[in-house]
Amino acid sequence: MPELPEVETTRRGLAPHVEGQRVAAVILRRPDLRWPIPAEISTRLPGRRIRSVTRRAKYLLLDTDEGAALLHLGMSGALRVLPAATPIRAHDHVDIELDSGRVLRFNDPRRFGCLLWQPAGETHPLLAGLGPEPLSDAFDGAYLFRLSRGRRAPVKAFLMDQAAVVGVGNIYAAEALFLAGISPLRAAGKVSPERYERLAASVKTVLAHAIERGGTTLRDFIGPDGSPGYFEQELSVYGRGGEPCKACGRVLREQPIGQRASVWCPRCQR
Ligand SMILES: [Zn+2]
């Protein structure tokens, strides 16, 4: 599943080819993805110039003067910029044709992705109530400490709550907690300010590192064989339950927390 770094990598890959382009036409090969595609995508988007490609949480926004097309890659979605004549493959559901002669093509086999419309000056309900961006200055240890007081939920579940901070999925929550030396089971309200400083810094480190690695896949971004930018990663704990800790050699523990598989080192993480 695309996580925040993949979405940000996709945004950076698309931006140079999409920003400043006028939408020549929109082709919908089905009426819905996860949800019905609203009429505005066909009626308001064509003819508009895409001013910028931005990201909020794991949503991508194609911003125009009329409003923004709001895209989510879901479980299996991929966006690519291709020559307009590129033959259609299975699951190519949407084409946004650009006046450059290229097409922004959305492919999504499992259709958990979405394409929605946000009118100018409004915030789409899906974007309302979201916490701060993890790579922004608004996200720091003091913020986490303040918000977590009185919370008994495990700190890992707290970190994955989109109202607390957006885009910290299972992989990056596990990796950041390992880097910060905090047990994922510890009650969020029992973590000290100093340790939350370390946790916020660790979240930024693991996400920034992943985005940096993702950049190396962008070579192939344009072209029918282009990779959408989901990349191999060096992980310390995620997916390594029962294997030795890379720091101390102790066997990593695995147990679901909030119904999500969770792995941590019982010696390095307290
Ligand atoms: Zn360890």
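Our subject is the structure that appears above.
Fair warning: this is a prediction, and the values are worked out from it, not measured in the lab. (Residues numbered from 1 in each chain as written. Predicted model: local features only at pLDDT ≥ 70, side-chain atom pairs only at ≥ 80, totals over all residues. Heavy atoms only, no water.)

Some details on helix H5 (residues 170–180)
An α-helical turn contains 3.6 residues, so any two residues separated by three or four positions project in the same direction.
So, point 1. In terms of residue burial, H5 counts as a mostly covered element, since 10 of its 11 residues are buried.
So, point 2. Of all the residues in H5, the buried ones are Asn170, Ile171, Tyr172, Ala173, Ala174, Glu175, Ala176, Leu177, Phe178 and Ala180.
So, point 3. After H5 finishes, the residue Gly181 shows a positive phi value of roughly 75 degrees. (Buried < 20%, exposed > 50% of the residue type's maximum accessible area, 1.4 Å probe, protein only. Helix = DSSP H or I, 4+ residues; strand = E, 2+ residues; numbered from the N terminus.)

Description of the coordination of the zinc ion
So, point 1. Within the protein, the zinc ion binds to Cys245 (SG), Cys248 (SG), Cys265 (SG) and Cys268 (SG); these donor distances fall in the range 2.3 to 2.4 Å.
So, point 2. The site at the zinc ion holds four donor atoms, and with the angles between them running 99 to 114 degrees, its shape is tetrahedral.
So, point 3. As a motif over one chain, the donors of the zinc ion read C-x2-C-x16-C-x2-C.
So, point 4. Judged by relative accessible area, Cys248 falls into the partly exposed class, the value being 27%. (Donors = N, O, S within 2.8 Å, 3.2 Å for Na, K, Ca; no water. Tetrahedral: all angles 85-135°; square planar, octahedral: opposite > 155°, others 65-115°.)

Notes on the sheet that holds strand E6 (residues 92–98)
So, point 1. Ordered by their spatial adjacency, four strands build an open sheet running E1-E6-E7-E5, and the pairing between neighbours is antiparallel. In the strand order of this sheet, the two ends are held by strand E1 (23–28) and strand E5 (78–83), each with one partner. With strand direction ignored, the average angle separating the axes of adjacent strands in the sheet is 20 degrees.
So, point 2. Two elements, E6 and strand E7 (residues 102–107), share five bridges in a ladder whose sense is antiparallel. Looking across to E7, one finds that Asp92 is bridged to Asn107. (Pairing = 2+ DSSP bridges. Axes fitted to C-alpha atoms, helices over the stretch in contact; angles between N-to-C directions.)

Brief notes about the sheet that holds strand E4 (residues 67–72)
So, point 1. Taken together, the four strands give an open sheet; going across it, the order is E2-E3-E4-E8, and neighbouring strands pair in antiparallel fashion. Lying at the two open borders of the sheet, with one neighbouring strand each, are strand E2 (52–56) and strand E8 (114–119). Here the strands of the sheet are splayed against their neighbours by 25 degrees on average, with no regard to which way each runs.
So, point 2. Across five bridges, strand E3 (residues 59–63) lies against E4 in antiparallel orientation. Looking across to E4, one finds that Asp63 is bridged to Ala68.
So, point 3. Where helix H1 (residues 4–18) meets the sheet, it contacts E2 and E3, and its direction lies at approximately 170 degrees from that of E2. (Contact = heavy atoms within 4.5 Å.)

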